Amino acid sequence: MIGFLLKRILLLIPTFIGITIVSFGFVRVLPGDPVLLMAGERGISEERYAALLSEFGYDRPIWQQYLEYLNNLVHGDFGNSLVTKQPVLSEFFTLFPATVELAFCAIILAIFIGIPAGIIAATKRGTFIDQSIMGTALVGYSMPIFWWGLLLIIVFSGTLGWTPVSGRISLLYFFEQKTGFMLIDSLLSGQKGAFGSAVQHLILPTIVLATIPLAVIARQTRSAMLEVLGEDYVRTARAKGLASRRVVGVHALRNAMIPVITVIGLSVGTLLAGAILTETIFSWPGIGKWMIDSISRRDYPVVQSGLLLIAAIIMIVNLLVDITYGLINPRIRHQ
Amino acid sequence: MRKTPFVLGCFAAALLSSAAHAKTLVYCSEGSPEGFDPALYTAGTTFNASSKPVYNRLVEFERGSTKIIPGLAESWTASDDGLEYTFNLRKGVKFHTTSYFTPTRDFNADDVLFTFNRQRDEGNAWHKYTEGTSWEYFSGMDMPALIKDIVKVDDNTVKFILNRPESPTVANLAMDFASIMSKEYADSLEAAGKQTDMNQMPIGTGPFKFVAYQKDAVIRYQAHGDYWDGKQPIDDLVFAITTDNSVRMQKLKAGECHVAPYPNPADLEALKADPNLEVQEQEGLNVGYLAYNTKVAPFDNAKVRKALNMAINKQAILDAVFEGAGIAAKNPIPPTMWSYNDAIVDDGYDPVAAKAALEAEGVTDLSMKIWAMPVARPYNPNARRMAELIQADFAAVGVNAEVTSYEWGEYLKLSKDEDRDGAVLLGWTGDNGDPDNFLSVLLSCSSVGGSNRAQWCNKDFDDLVNKAKASSDAAERTSLYEQAQVVFKEQAPWATIAHSVVFMPMSNKVQNYKMDPLGGHRFDGVDLAE
């Protein structure tokens, strides 16, 4: 198992270097530059333009800029935003907990509904129940997220008044965010009603963000279960007279979980990269919107270091998925 | 990790316990501020969160107008030659006392000198206090070339000495970049090696003091108890950052905010019909235009330009692009601006006459480009659509137009080229309420190759504008600008398209809110009904 782990970790190094090249190059191949965008319609004189480019170091050859970027990274300096003048790392870690909190809630919801729904659909294959579940999953999978989010807001917040429209907590509550996770901070604050308010604010964004992963997990679980349920060992288990619940829940489910875990792992990676649409609709201060805003402003340091940090997190999640495989399936870790 | 200050314990408890009594106004703002030092930035969203609530200027724009009124300067005088402006500073003005700074003295001339010297003097320790510091507005308004020196006469008197007489100077000092900073605070930050806090934890003399900013989520302010113009009617001001237009309006309807800017035009009817809401509206201090390149044939011929202007159906553009939130423009300055010449008659929509006029000038089989901006701006919410409508209008008079576009930064850069191929859609939003800010910046000979996208240099027009700039007689200036607009209309370097109308929906509990013609959102003087 240790050899398996080491191999996986060593593989991360070339991937990481590749990502620095891609993230550095990506924003520079886009037309337009940050200095011109900063000046806007008011324009900027050629001398001032040259002076600012030189100050940011963007007048030097691209390979020099890249090497300096790498050198800074090795020294833990991810650069400062051109717009806010704040360190990128500090901005990232200010916003990342909001993304994690929402992603965590969404994936939990998707797993706890998606897997049972997939199992039920598989065991009731071809019935009305199966068709209803899979039909709903298909609708969920095809749902335009922006429309879906607005619809939920209009119905549940606007018409029924059951949930708040957007934000992370009621503006009445004001406390220091020690961890950045609103559920934890609201508990730590000791303010009455703060935790409840944070939960209320999470409901709609969680549902919206969980919609697509839930549909994917349900469909994947169903097809994996169907495959496993046709295996000889399942037939043997049934022939031995085991209860159907035990056959499905123990013998079949564990083996069916491998492709499902792949899907969950991929979903977690995507969710942690920031849910741009959900964050925009629900005014959720996460990293997805931060990245998009920075790309449109050509804020080079934020884009290149932000991409790198997000990629690093996705790589770590993938590593964890690989380890989980190993735990579930001994054949993989012994390969 | 987090630098945002929090006034903890007592303050939070006090805020909550008094929540029932405190008047808290919630403004659902459309975006996050880039920082809190307004001189570093040019975006209105940043000014709304920084200079408007937290700071004052020597002179101020009167709420709801572009009239200049005393601010931190009680009065001012100009020398006869227009080269010296002496400001008498207000006494007893207090800077904010917060959890991170306690001032020991009142506002004085040192603060004024610090504010401007950090922007104009490259040797000043604060000139480059944070990475990539650039004083865009100060440079953009040509202040480095205009100001020769700023002199402290005594603690309560400051003199601005200019290199040339320029009457919009006082109006410039009411702009956001001229917000007065505390030198004492700057010194304390410098001593602690925390200069960058100037842009994150602001200290000013303004109506509200900064309390906390949770990035991309919430900004909190508290009324400044010792404000020189009296404490504000509300106790707390909160900016809830909500970037999506539709969601902002839902929050307003649900009572989660009291004021929410920039509604979708399609939502206006429903908002106006809501008995709990009021929708204020005002013409924006802006203009959207199509600038021909007057250096390239056949657009160097004013008759051709005027003929093309007659081919454009502005009403169709107002209906389709502005969805009713705009009015047709006939002058290069908006109707709310002083010296607007209402006597001018626009080139009416007449495709038949346009075609005849083009043929009379020998222009047949003309092919041209129309540049469409890739972004939505207040003066042009959908340039691509506008360009397509103009393209169809031009086709009707036998002109074959091709719509072209570039990335925004490239667009701004390439459209300045003097030999540019094609007519450019662009616009302008006023900075200081002075006509010079439109006519000189956008149409003078000195701006050719820069912000004068028509590359138009007309001696008559230029003489009038320059004469007005040097005059301090308001009546004379008005007359000169009115004449300049006549020249503009005769020469038609642009097709003036539209001035947008800005809508501001708010809860009907909000009292005494006045829309700012300069496009800002100000909450000083605003109250909330119980």
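Residues numbered from 1 in each chain as written. Chains lettered and ligands numbered in written order. Predicted model: local features only at pLDDT ≥ 70, side-chain atom pairs only at ≥ 80, totals over all residues. Heavy atoms only, no water.

Looking at an unreviewed UniProt entry, one finds chain B named ABC transporter substrate-binding protein and attributed to Paramylibacter ulvae. Here chain B is described in UniProt, under the heading Sequence similarities (unreviewed entry), as follows: "Belongs to the bacterial solute-binding protein 5 family." (UniProt positions renumbered as here; feature names shortened; annotations may be inferred.)

Per an unreviewed UniProt entry, chain A goes by Peptide ABC transporter permease and derives from Paramylibacter ulvae. Entered under Sequence similarities (unreviewed entry) in the UniProt record, the comment concerning chain A runs "Belongs to the binding-protein-dependent transport system permease family."

(A) Broad picture of the overall build of chain B. The number of helices and strands found in chain B is 18 helices and 19 strands. Radius of gyration (C-alpha) of chain B: 24 Å, near the 24 Å computed for a compact globule of 530 residues. With respect to the principal axes defined by its C-alpha atoms, chain B has extents near 80 × 55 × 40 Å. Buried positions account for 59% of the 530 residues belonging to chain B. Within chain B, residue pairs in contact and separated by at least 24 positions form 69% of the contacts whose partners lie at least 6 positions apart. When the accessible area of chain B is evaluated, it comes to approximately 19000 Å², of which 48% is carbon and sulfur surface. In chain B, the 51 positive side-chain charges and the 72 negative ones have mean positions that sit 3 Å from each other. (Helix = DSSP H or I, 4+ residues; strand = E, 2+ residues; numbered from the N terminus. Rg over C-alpha atoms; globule rule 2.2 N^0.38 Å. Buried < 20%, exposed > 50% of the residue type's maximum accessible area, 1.4 Å probe, protein only. Contact = heavy atoms within 4.5 Å. Areas by Shrake-Rupley, 256 points an atom, 1.4 Å probe, with all protein chains shown as cover. Lys, Arg positive; Asp, Glu negative; His and termini not counted. Charge placed at Lys NZ, Arg CZ, Asp CG, Glu CD.)

(B) Just the interface of chain B and chain A, in detail. Listed by partner, the interface residues are 60 residues for chain B and 52 residues for chain A. Summing both partners gives a buried area of about 4900 Å² for chain B against chain A, and 57% of it is carried by carbon and sulfur. Among the ionic pairs, Lys215 of chain B bridges to Glu91 of chain A, the shortest N-O distance being 3.6 Å. Here chain B is connected to chain A by six residue pairs in polar contact (both at pLDDT 80 or more). Elements with a contribution of two residues or more to the side of chain B that touches chain A: α1 (10-17), α5 (136-140), β8 (208-214), β9 (218-223), β10 (236-241), α9 (245-253), α15 (408-414) and β16 (423-429) of chain B. If you tally residues by element for the side of chain B that touches chain A, the top one is α15 of chain B, at five residues. Grouping the constituent residues of the side of chain B that touches chain A by class yields 26 nonpolar, 16 polar and 18 charged. (Buried area = accessible area lost by both parts, 1.4 Å probe. Salt bridge = Lys/Arg side-chain N within 4 Å of Asp/Glu carboxyl O. Polar contact = N/O pair within 3.5 Å; in protein donor to acceptor, adjacent residues only side chain to side chain. Nonpolar A, V, L, I, M, F, W, Y, C, P; charged D, E, K, R; others polar.)

(C) Layout of the UniProt feature "domain: Solute-binding protein family" (unreviewed entry) in chain B. According to UniProt, the "domain: Solute-binding protein family" (unreviewed entry) feature falls on residues 67-447 of chain B. For the annotated span residues 67-447 of chain B, helix accounts for 28% and strand for 21% of the residues, and the straight-line distance between the end C-alpha atoms is 27 Å.

(D) Structural view of the sheet that holds β8 of chain B. Residue and element names in this part refer to chain B. Taken together, the four strands give an open sheet; going across it, the order is β1-β10-β9-β8, and neighbouring strands pair in mixed fashion. Two strands lie at the open edges of the sheet, namely β1 (24-29) and β8, each paired on one side alone. In this sheet, neighbouring strand axes are inclined to one another by 20 degrees on average, regardless of whether the strands run parallel or antiparallel. In this structure, β1 lies alongside β10, joined through six bridges in parallel fashion. Counterpart to Ser29 in the pairing with β10 is Ile241. (Pairing = 2+ DSSP bridges. Axes fitted to C-alpha atoms, helices over the stretch in contact; angles between N-to-C directions.)

(E) The arrangement of the packing of helix α7 (residues 145-159) of chain A against α9 of chain B in detail. Two elements in contact, α7 of chain A and α9 of chain B, have axes separated by 11 Å at closest approach and are oriented at 0 degrees. Accordingly, the angle class assigned to the pair α7 of chain A and α9 of chain B is roughly parallel. In contact with Leu150, Ile153, Ile154 and Gly158 of chain A of α7 of chain A, α9 of chain B contributes Ser246, Val247 and Gln250 of chain B. Across the contact of α7 of chain A with α9 of chain B, the residue classes break down as four nonpolar, three polar and no charged. (Parallel < 35°, antiparallel > 145°, perpendicular 65-115°, else oblique.)

(F) Representation of the pattern of salt bridges. In the structure shown here, the tally under the stated rule is 34 salt bridges over all chains. Its salt-bridge partner being Arg222 of chain A, residue Asp130 of chain A comes within 2.8 Å of it at the nearest N-O pair. Taken together, the positions of Asp130 of chain A in helix α6 (residues 128-141) and Arg222 of chain A in helix α9 (residues 194-229) put the pair 92 residues apart, joining distant regions of the chain. Here the two residues Asp130 of chain A and Arg222 of chain A agree in accessibility, since each one is buried. With a closest N to O distance of 2.9 Å, Lys23 of chain B and Asp527 of chain B form a salt bridge. Of the two residues, Lys23 of chain B sits in the loop between α1 and β1 while Asp527 of chain B sits in strand β19 (residues 527-528), which places them 504 residues apart along the sequence.

(G) Summary view of the pairing of β10 of chain B. Residue and element names in this part refer to chain B. Among the six residues of β10, six are classified as buried, and the element is accordingly described as predominantly covered. Looking at chain direction, β9 and β10 are connected through five bridges and run antiparallel. Paired with Ile219 across the two strands is Phe239, which belongs to β10.

(H) Spatial organisation of the side chain of Lys314 of chain B. All names here are of chain B. Structurally, Lys314 can be placed in helix α12 (residues 314-320). Side-chain polar atoms of Lys314 contact the backbone oxygen of Thr496, separated by 2.8 Å. Discounting residues that sit within four places of it in the chain, Lys314 has contacts with Ala328, Ala329, Asp346, Thr496 and Ile497.

(I) Examining the packing of aromatic side chains more closely. For the structure shown, the criterion picks out 37 aromatic pairs over all chains. Ring centres of Tyr289 of chain B and Trp494 of chain B lie 3.7 Å apart, and the angle between their planes is 10 degrees; this geometry places the pair in the stacked category. Pair noted here: Tyr289 of chain B is in strand β12 (residues 286-291) and Trp494 of chain B is in strand β17 (residues 494-507), with a separation of 205 residues, a long-range link. Among the residues examined, Tyr289 of chain B registers a relative accessible area of 1% and is labelled buried. A residue is classified by how much of its surface remains accessible, and Trp494 of chain B, at 1% relative accessible area, is buried. In textbook terms, an aromatic cluster arises when at least three aromatic residues are bridged by ring pairs, as seen for Tyr27, Phe36, Phe210, Tyr213, Tyr221, Phe239, Tyr513 and Phe523 of chain B. Here the guanidinium or amino end of Arg28 of chain A rests over the ring plane of Phe24 of chain A, the centre of that ring lying 3.8 Å away. (Phe/Tyr/Trp six-rings, centres within 6.5 Å; stacked < 30°, edge-to-face > 60°. Lys NZ or Arg CZ within 6 Å of the ring centre and 35° of its normal.)

(J) Expanded view of the nonpolar core. Membership of the largest hydrophobic core comes to 142 residues, with the highest contact counts inside it found for Leu58, Phe160, Leu290 and Phe394 of chain B. For this core, the element with the most residues is β17 of chain B, which contributes six residues. Sequence-distant contacts of Phe160 of chain B, defined by excluding residues within four places in its chain, comprise Leu58, Leu83, Glu84, Tyr85, Phe87, Val112, Phe116, Ile147, Asp149, Ile150 and Leu173 of chain B. Core analysis: the next-biggest nonpolar cluster, separate from the first, contains 58 residues, Leu102, Ala110, Ala224 and Val260 of chain A among them. (Core = buried A, V, L, I, M, F, W, Y, C linked by side-chain atoms within 4.5 Å.)

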